[in-house]
Amino acid sequence: MKWDWSAVSEFMPHFWDGLLVTLEALFLGSLISFSLGLVWTLLMRTPTRWVRWPVGVVTEFVRNTPLLVQLFFLFYVLPEWGLTFSALTTGVLAIGLHYSTYTMQVYRAGIEAVPVGQWEAATALNLPARRTWTVVILPQALRRVVPPLGNYVISMLKDTPILMSITVLEMLGQARLFSQQHFQFTEPVTVIGVAFIVISYLASLLLRTLERRLVR
């Protein structure tokens, strides 16, 4: 086997295109998973059983079925019902929805870790429920959940190649297309592997920095 630097040079424009798609899917998927996960958590804490029960069923179903199955359902089945999205939009929705059921548990643990005295103090001050959540509970809970949420961001990054199965040309999709066209697999796949390592490492450094600032 001989390493061909010219193949790397030729592949790099395709790599940058794929990287932009990967980062876009990661950012939007993270935004959906974090936002929707918090919504699931708050709905599960409502006293109304007819709210908690459907939310619990939906989140358990999503969490216990493979991401690839959900991706295929959104991309191939929903169009039969008249709902059609682009491949990238479908991928972002699938990743965001899937991981929201995991971030929900992270938020739940963070909220339950807030000392009972904080709830009692808010009650003693006669704070409205909305201010209790936005001023007292959530700021403390969110500080506790940064590390596990950051881990899920890295997991989402490593799951973005699955979007290749619905024609999204993220990094690995670009590498596969280039390899099939030029019959050179070693160089593009190696570049993609290194890129995932570097991005994951940089994300972990950013996470540690954010964690230290929140702890202060």
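Residues numbered from 1 in each chain as written. Predicted model: local features only at pLDDT ≥ 70, side-chain atom pairs only at ≥ 80, totals over all residues. Heavy atoms only, no water.

J.: Whenever I open this one, the side chain of Thr41 confuses me. Can you help?
T.: Along the polypeptide, Thr41 turns up in helix α1 (residues 5-44). Looking at Thr41, its side chain comes within polar contact range of the main-chain oxygen of Met104, at 3.1 Å. Excluding its chain neighbours within four sequence positions, the residues that come into contact with Thr41 are Met104, Tyr107, Arg108 and Ile111. (Helix = DSSP H or I, 4+ residues; strand = E, 2+ residues; numbered from the N terminus. Polar contact = N/O pair within 3.5 Å; in protein donor to acceptor, adjacent residues only side chain to side chain. Contact = heavy atoms within 4.5 Å.)

J.: Sorry, what's going on with α1 here?
T.: Side chains of residues three or four places apart in an α-helix project in the same direction, reflecting 3.6 residues per turn. With 40 residues, α1 should reach 58 Å at 1.5 Å per residue; the first-to-last C-alpha distance of 54 Å fits that figure. In α1, a bend of some 40° at Met12 exceeds every other bend along the element, and Pro13, a proline, comes one to four places later. (Expected span 1.5 Å × (residues − 1). Bend = angle between axes of the 7 residues up to and from the residue.)

J.: What should I look at first to understand the pattern of salt bridges in this one?
T.: Where charged atoms from two side chains of opposite charge approach closely, those side chains can pair. The full count for this structure, using the stated rule, is 2 salt bridges. Among the ionic pairs, Arg63 bridges to Glu60, the shortest N-O distance being 2.1 Å. Of the two residues, Arg63 and Glu60 both sit in helix α2 (residues 49-63), 3 residues apart, roughly one turn of that helix. The exposure class assigned to Glu60 is partly exposed, which follows from its relative accessible area of 35%. Note that Glu112 is salt-bridged to Arg108, the shortest N-O span being 3.1 Å. Placement of the pair is Glu112 and Arg108 together in helix α4 (residues 87-112), with a separation of 4 residues, close to one helical turn. Assessed through its relative accessible area of 52%, Glu112 is described here as exposed. (Salt bridge = Lys/Arg side-chain N within 4 Å of Asp/Glu carboxyl O. Buried < 20%, exposed > 50% of the residue type's maximum accessible area, 1.4 Å probe, protein only.)

J.: I'm lost on the layout of surface pockets in this one. Help?
T.: Sizing a probe to match a water molecule and rolling it over the atoms shows the empty space that remains. Each pocket or cavity is described by its volume, and for the largest pocket that value is around 410 Å³. The wall of the largest pocket is formed by 19 residues, among which Gly150, Val153, Leu206, Leu207 and Leu210 lie closest to the centre. Of all the secondary-structure elements, those providing two or more residues to the lining of the largest pocket are α1, α6 (129-159) and α8 (186-215). For the lining of the largest pocket, the element with the most residues is α8, which contributes 9 residues. (1 Å grid on protein atoms, 1.4 Å probe; cavity = no way out; pocket = protein on both sides within 12 Å on 5 of 7 lines; lining within 4 Å. Points joined across faces, edges and corners; volume = space filled by probe spheres on them.)

J.: Please clarify how the packing of α1 against α4 should be interpreted in this entry.
T.: Relative orientation and spacing of two packed helices are given, respectively, by the angle between their axes and the distance between those axes. Axis separation between α1 and α4 bottoms out at 5 Å; the angle between their running directions is 45°. Between α1 and α4, the crossing angle belongs to the class labelled oblique. With respect to the hand of their crossing, α1 and α4 are arranged in right-handed fashion. Of the residues that constitute the contact of α1 with α4, the class distribution is 18 nonpolar, 7 polar and 2 charged. (Axes fitted to C-alpha atoms, helices over the stretch in contact; angles between N-to-C directions. Parallel < 35°, antiparallel > 145°, perpendicular 65-115°, else oblique. Left-handed = near helix turned anticlockwise from the far one by under 90°. Nonpolar A, V, L, I, M, F, W, Y, C, P; charged D, E, K, R; others polar.)

J.: I keep staring at the nonpolar core and nothing clicks. Help me out?
T.: In terms of nonpolar packing, the biggest core is built from 29 residues, with Phe11, Phe15, Ile95, Leu163, Val168, Met171 and Ile192 touching the most fellow members. Among the elements of the structure, α1, α3 (67-77), α4, α6, α7 (171-182) and α8 are those that each provide at least two residues to this core. Here this core gets 7 residues from one element, more than from any other, and that element is α1. Core analysis: the second largest hydrophobic core is formed by 8 residues, Ile111, Ala122, Trp133 and Leu138 among them. (Core = buried A, V, L, I, M, F, W, Y, C linked by side-chain atoms within 4.5 Å.)

J.: I tried to follow the side chain of Glu170 on my own but got confused; where do I start?
T.: When you line up the elements, Glu170 lands in the loop between α6 and α7. Arg176 provides the closest opposite charge to the buried, unpaired Glu170, separated from it by 7.6 Å. At a separation of 2.6 Å, a polar atom in the side chain of Glu170 contacts the main-chain amide nitrogen of Gly173. Among all residues touching Glu170, those that are not within four sequence positions of it are Gly18, Val21, Thr22, Thr160, Pro161, Leu163 and Met164. (Lys, Arg positive; Asp, Glu negative; His and termini not counted.)

J.: What's the story with the packing of α3 against α4 in this structure? I'm lost.
T.: For the pair α3 and α4, the least separation of the axes is 9 Å and the interaxial angle reads 140°. Judged on the interaxial angle alone, α4 and α3 are oblique. Pair α3 / α4 crosses with right-handed handedness. Note on element contacts: α4 touches α3 through Ala87, Thr90, Gly91, Leu93, Ala94, Ile95 and His98, opposite Leu67, Gln70, Leu71, Leu74 and Phe75. Here the contact of α3 with α4 is composed, by residue class, of 8 nonpolar, 4 polar and no charged.

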